[in-house]
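A closer look at the structure
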Amino acid sequence: MTLLNTCSSANSLKKWLKLTAIATLLGSSFAALAEPVEIKFSHVVAENTPKGQMALKFKALVEERLPGEYQVNVFPNSQLFGDNNELSALLLDDVQFVAPSLSKFERYTKKLQLFDLPFLFQDMTAVDRFQQSEAGLKLLNSMKRKGLVGLGYLHNGMKQFSANAPLLTPKDAEGKKFRIMASDVLAAQFQAVDAIPVKKPFSEVFTLLQTRAIDGQENTWSNIYSKKFFEVQSHITESNHGVLDYMIVTSDAFWSSLPSDKRKVIKAALDEALAYGNEIAATKANNDKQAIIDSKRTEVSYLTAEQRAEWVKAMKPVWAQFEDKIGKDLIDAAEAANK
């Protein structure tokens with residue numbers, strides 16, 4: 001009887017130890033499953049820009065609506081990747097969201113070269129009208145075969161010229177070196193006025209200007225102010241010759257991996273964050289322009305109607321140069337948004 005009791009106790013102990021081990025394993029598994037999914041959002045500009053504020057708003061909305069399930073970590077100012085390698089990093093799943101300027105997608109589709117055409121859009125209202133049209137929304141999926149999914153557009157604003165000398169007519173640009181994004185259209189734009197385009201990362205622009213390695217650049221009021229380009233450029237021309245907007249993209253692999261209900265919540269959060277960012281962009285364009293003027297660090301010039309017509313005449317032939325790659329129907333649709 002004693003022996004039986006002893007055997008029974010030993011068996012009970014073994015069962016208890018087994019159950020304890022299983023419970024420990026299950027507990028570890030459930031703990032691992034409970035860890036929030038990390039979404040890394042990398043971008044190359046400052047946090048006080050429309051893009052920076054949009055990204056932070058997106059983080060707040062996702063974490064509020066999916067608490068404990070998803071965590072958005074935002075990396076501004078090229079902390080993780082520069083604007084020349086962030087798309088490659090996205091496709092490698094090193095990050096899950098990036099927001100490159102529309103010029104950066106040239107190697108994935110030629111259609112987005114549309115947004116680099118000089119003097120295509122009259123103002124940001126026309127840009128927004130086109131982007132929300134059927135043709136504009138269709139462009140979001142123009143790179144899906146390459147593994148990229150466009151989720152929306154973010155405004156920064158109209159671009160202005162800056163240099164260390166006045167830029168009032170196309171002749172003023174002759175022989176000067178201008179930093180541009182990696183865009184064949186932007187290269188052709190400056191070549192059209194006999195200037196020298198220099199493709200360099202955004203993170204290097206201030207140093208290039210400060211050391212006079214380049215003579216000038218083109219950018220929005222928001223970027224010129226936040227990156228302090230106005231402190232190392234003696235002249236800015238309000239040319240409004242182009243648009244600098246971004247597309248928020250993720251990889252098709254990551255986007256498809258999300259449960260459909262979570263994907264819906266994340267997309268809604270992004271749409272709300274984009275609307276917020278676009279409101280900031282409109283306000284900052286005016287406020288940052290005024291802050292630059294008030295600083296008295298640079299002289300801001302305004303084109304007369306005749307001077308603007310000279311720039312348009314010199315640069316508009318670039319449209320025809322890229323018409324076959326972009327598509328005449330797309331260019332016509334964009335131009336029609338001005339009316």
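All of the points below concern the structure found in this document. Just so you know, the residues in each chain are numbered from 1, in the order the chain's sequence is written. Where local features are concerned, this predicted model is filtered to residues with pLDDT of at least 70; where side-chain atom pairs are given and counted, the filter is 80 or more; whole-chain, interface and lining totals use all residues. Remark: hydrogens and water are excluded; side-chain values derive from all non-hydrogen atoms of the structure.

1. Comments concerning the pattern of salt bridges
Pairs can form between side chains of opposite charge once their charged atoms are near each other. Salt bridge criterion: a side-chain nitrogen from Lys or Arg within 4 Å of a carboxyl oxygen from Asp or Glu. Summed over all chains, the structure comprises 14 salt bridges. A salt bridge links Lys-59 to Glu-63; the shortest N-O distance between them is 2.9 Å. With a gap of 4 residues between them, Lys-59 and Glu-63 both fall in helix H2 (residues 50-65), about one helical turn apart. A relative accessible area of 25% means that Glu-63 is categorised as partly exposed. Residue Arg-179 pairs with Asp-83 through a salt bridge whose shortest N-O separation is 3.8 Å. A residue pair is termed long-range when its members are at least 10 positions apart, and Arg-179 in strand S6 (residues 177-180) and Asp-83 in the loop between strand S2 (70-75) and helix H3 (86-91) qualify at 96 residues. Burial classes: relative accessible area under 20% of the type maximum marks a residue as buried, over 50% as exposed, and values in between as partly exposed (1.4 Å probe, protein chains only). You can call Arg-179 buried: its relative accessible area is 4%. Taking the relative accessible area as the measure of exposure, Asp-83 reaches 10% and is therefore buried. Look at the salt bridges and you will find they share partners, linking Glu-69, Asp-261 and Lys-262 into a network. Put simply, DSSP H or I for four residues or longer makes a helix, DSSP E for two residues or longer makes a strand, and each gets a number counted from the N terminus.

2. Structural notes on the layout of surface pockets
The rule is simple: put a 1 Å grid over the protein atoms alone, call a set of points where a 1.4 Å probe fits but cannot get out a cavity, call an open set with protein on both sides within 12 Å along at least five of seven lines a pocket, and count a residue as lining if it has an atom within 4 Å of a point. Grid points are joined across faces, edges and corners, and a volume is the space filled by probe spheres set on the points. Space inside the largest pocket adds up to approximately 320 Å³. Lining the largest pocket are 18 residues, and of these Met-124, Gly-157, Ala-281, Ala-282 and Ala-285 sit closest to its centre. Looking at the lining of the largest pocket, the elements with two or more residues in it are strand S4 (148-158), helix H8 (221-226) and helix H10 (260-295). Among the elements that line the lining of the largest pocket, the one with the most residues is H10, at 6 residues. For the lining of the largest pocket, the residue count by class is 6 nonpolar, 9 polar and 3 charged. Classification used: nonpolar for Ala, Val, Leu, Ile, Met, Phe, Trp, Tyr, Cys and Pro, charged for Asp, Glu, Lys and Arg, polar for all others including Gly.

3. Section: H10
One turn of an α-helix holds 3.6 residues; hence residues three or four places apart share an orientation. The length a helix should cover is 1.5 Å for every residue beyond the first. Given a rise of 1.5 Å per residue, 36 residues ought to cover 52 Å, and the 50 Å separating the end C-alpha atoms of H10 matches this to within 8%. We define the bend at any residue as the angle between the axes fitted to the seven residues before and including it, ending there, and the seven starting there. Largest kink in H10: about 30°, centred on Lys-284. Of the residues one or two after H10, Lys-296 is the one with positive phi, at around 60°.

4. Observations regarding the side chain of Gln-131
Among the secondary structure elements, Gln-131 is positioned in helix H4 (residues 124-131). Among the residues examined, Gln-131 registers a relative accessible area of 0% and is labelled buried. Aside from chain neighbours lying at most four places away, what touches Gln-131 is Leu-102, Phe-115, Gly-136, Leu-137, Tyr-153, His-155 and Asp-245. It only takes one pair of heavy atoms within 4.5 Å for two residues to be counted as in contact.

5. Here we look at the environment of Ala-187
Position of Ala-187 among the secondary structure elements: in helix H6 (residues 184-191). Using a relative accessible area of 10% as the deciding quantity, one classes Ala-187 as buried. Taking the C-alpha atoms as reference points, Ala-187 and Lys-199, separated by 12 residues in sequence, lie 8.2 Å from one another. With near-sequence residues (within four places) excluded, Ala-187 lies in contact with Ile-180, Pro-197 and Lys-199.

6. Focus on the nonpolar core
Membership of the largest hydrophobic core comes to 59 residues, with the highest contact counts inside it found for Phe-41, Phe-58, Phe-97 and Ile-266. For this core, the element with the most residues is H10, which contributes 6 residues. Among residues more than four places away in sequence, those in contact with Ile-266 are Ile-39, Phe-58, Leu-66, Tyr-70, Phe-97, Trp-255 and Leu-258. Grouped together as the second largest cluster of nonpolar side chains are 37 residues, Leu-90, Leu-114, Met-247 and Val-249 included. As used in this record, nonpolar core signifies buried Ala, Val, Leu, Ile, Met, Phe, Trp, Tyr and Cys residues forming a set joined through side-chain atoms within 4.5 Å.

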